[in-house]
Amino acid sequence: MERVSGLLSWTLSRVLWLSGLSEPGAARQPRIMEEKALEVYDLIRTIRDPEKPNTLEELEVVTESCVEVQERDEEDYLVIIRFTPTVPHCSLATLIGLCLRVKLQRCLPFKHKLEIYISEGTHSTEEDINKQINDKERVAAAMENPNLREIVEQCVLEPD
């Protein structure tokens, strides 16, 4: 009887742990990060490609797996996006990164730090582009250009 009771207790604690009910903070944490990552993905998937009539999701430039969210402090998160240009010499990769940044800065409902990168090995000048799209001064300067700003606005505009 004692053995059955011990087995039952172990099984119950395992079920509770797996369901996230035994440790309220620790077990829910991965689920919260997944929910935040999906929230981010829902915002960026509808961004339009600057050259084509398709969204970044349709072109597989962004996927659910390209979004990572980590907790920095309570209610402060690090959002990491790794996008994949359609071709290794894509001339608009920097513009796509800028669109991602602008859309998330405007629309994310939680406090965050944003890092955007080209997926490793998917672009011939990924290091240079990664520096550009993560440099606040370069991003601000780019958005001061009226022609570039208009293109970004068209790309991040929500579909009807």
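Everything below is about the structure printed above this text.
Here is what the cut-offs are and how they apply
- Residues numbered from 1 in each chain as written.
- Predicted model: local features only at pLDDT ≥ 70, side-chain atom pairs only at ≥ 80, totals over all residues.
- Heavy atoms only, no water.
- Axes fitted to C-alpha atoms, helices over the stretch in contact; angles between N-to-C directions.
- Helix = DSSP H or I, 4+ residues; strand = E, 2+ residues; numbered from the N terminus.
- Parallel < 35°, antiparallel > 145°, perpendicular 65-115°, else oblique.
- Left-handed = near helix turned anticlockwise from the far one by under 90°.
- Contact = heavy atoms within 4.5 Å.
- Nonpolar A, V, L, I, M, F, W, Y, C, P; charged D, E, K, R; others polar.
- Core = buried A, V, L, I, M, F, W, Y, C linked by side-chain atoms within 4.5 Å.
- Buried < 20%, exposed > 50% of the residue type's maximum accessible area, 1.4 Å probe, protein only.
- Phe/Tyr/Trp six-rings, centres within 6.5 Å; stacked < 30°, edge-to-face > 60°.
- Lys NZ or Arg CZ within 6 Å of the ring centre and 35° of its normal.
- Arc of directions from axis to C-beta.
- Polar contact = N/O pair within 3.5 Å; in protein donor to acceptor, adjacent residues only side chain to side chain.
- 1 Å grid on protein atoms, 1.4 Å probe; cavity = no way out; pocket = protein on both sides within 12 Å on 5 of 7 lines; lining within 4 Å.
- Points joined across faces, edges and corners; volume = space filled by probe spheres on them.

S.K.: So what's going on with the packing of helix α3 (residues 93–107) against helix α6 (residues 146–156)? Residues and values would help.
M.R.: Two numbers describe how α3 lies on α6: the axes approach to 9 Å, and their chain directions differ by 65°. Comparing the axis directions of α3 and α6 gives the class roughly perpendicular. Like other packed secondary-structure pairs, α3 and α6 cross with a definite hand, here right-handed. For the pair α3 and α6, contact is made by L95, L98, C99, V102, K103 and R106 and by L148, I151, V152, E153, C155 and V156, respectively. Here the residues of the contact of α3 with α6 are counted per class, giving nine nonpolar, no polar and three charged.

S.K.: Account for the packing of helix α5 (residues 136–144) against α6, with residues named and values stated.
M.R.: Remark: α5 packs on α6, axes separated minimally by 5 Å, with the N-to-C direction vectors making an angle of 95°. In terms of orientation, α5 lies roughly perpendicular with respect to α6. Each of A142, M143 and E144 in α5 lies in contact with α6, whose residues at this interface are P146, L148, R149 and V152. Tallied by class, the residues present in the contact of α5 with α6 amount to five nonpolar, no polar and two charged.

S.K.: I'd like a description of the nonpolar core, backed by residues and values.
M.R.: What tends to happen in soluble globular proteins is that the nonpolar side chains get buried as a cluster. With 40 residues, the main nonpolar core has V40, I44, V62, V67, I81, F83 and L100 as its most contacted residues. Of all the secondary structure elements, the ones that give two or more residues to this core are α2 (24–44), β1 (67–73), β2 (76–83), α3, β3 (111–118), α4 (126–133), α5 and α6. Look past the residues within four positions of I44 in its chain and what remains in contact with it is L56, V62, V67, I81, L100 and L104.

S.K.: Account for the packing of aromatic side chains, naming residues and giving values.
M.R.: The geometry of an aromatic ring pair comes down to the distance between the two centres and the angle between the two planes. As enumerated under the stated definition, the model contains one aromatic pair in all. Ring geometry for Y77 versus F110: centroids 5.3 Å apart, planes at 80°, classification edge-to-face. In this pair, Y77 sits in strand β2 while F110 sits in the loop between α3 and β3, placing the two residues 33 residues apart along the sequence. The two residues Y77 and F110 agree in class, both being buried. Positioned above the aromatic ring of F110, the side-chain terminus of K36 is 4.4 Å from the ring centre.

S.K.: Tell me about α5, and name the residues and values.
M.R.: Residues V139, A142 and M143 constitute the buried set of α5. Projection of α5 onto a plane perpendicular to its axis shows the buried side chains occupying an angular sector of 95°, all on one side. Exposed positions of α5 whose direction lies more than 90 degrees from the buried face are E137 and E144. The opening residue of α5 is D135, an N-cap whose side-chain oxygen sits 2.9 Å from the backbone nitrogen of E137.

S.K.: Describe the side chain of K103, with residues and values.
M.R.: Note that K103 resides in helix α3. Exposure remark for K103: the relative accessible area of 2% places this residue in the buried category. Every residue in contact with K103, bar those within four places of it in the chain, is listed here: L43, T46, I47, V156 and E158.

S.K.: Provide a residue-level description of the layout of surface pockets, including the pertinent values.
M.R.: In this structure, the largest pocket encloses a volume near 220 Å³. Along its surface, the largest pocket is lined by R101, Q105, H112, K113, L114, E115, Y117, N134 and K136. Of all elements in the fold, only α3 and β3 reach the threshold of two or more residues within the lining of the largest pocket. Its residues assigned to classes, the lining of the largest pocket comprises two nonpolar, three polar and four charged.

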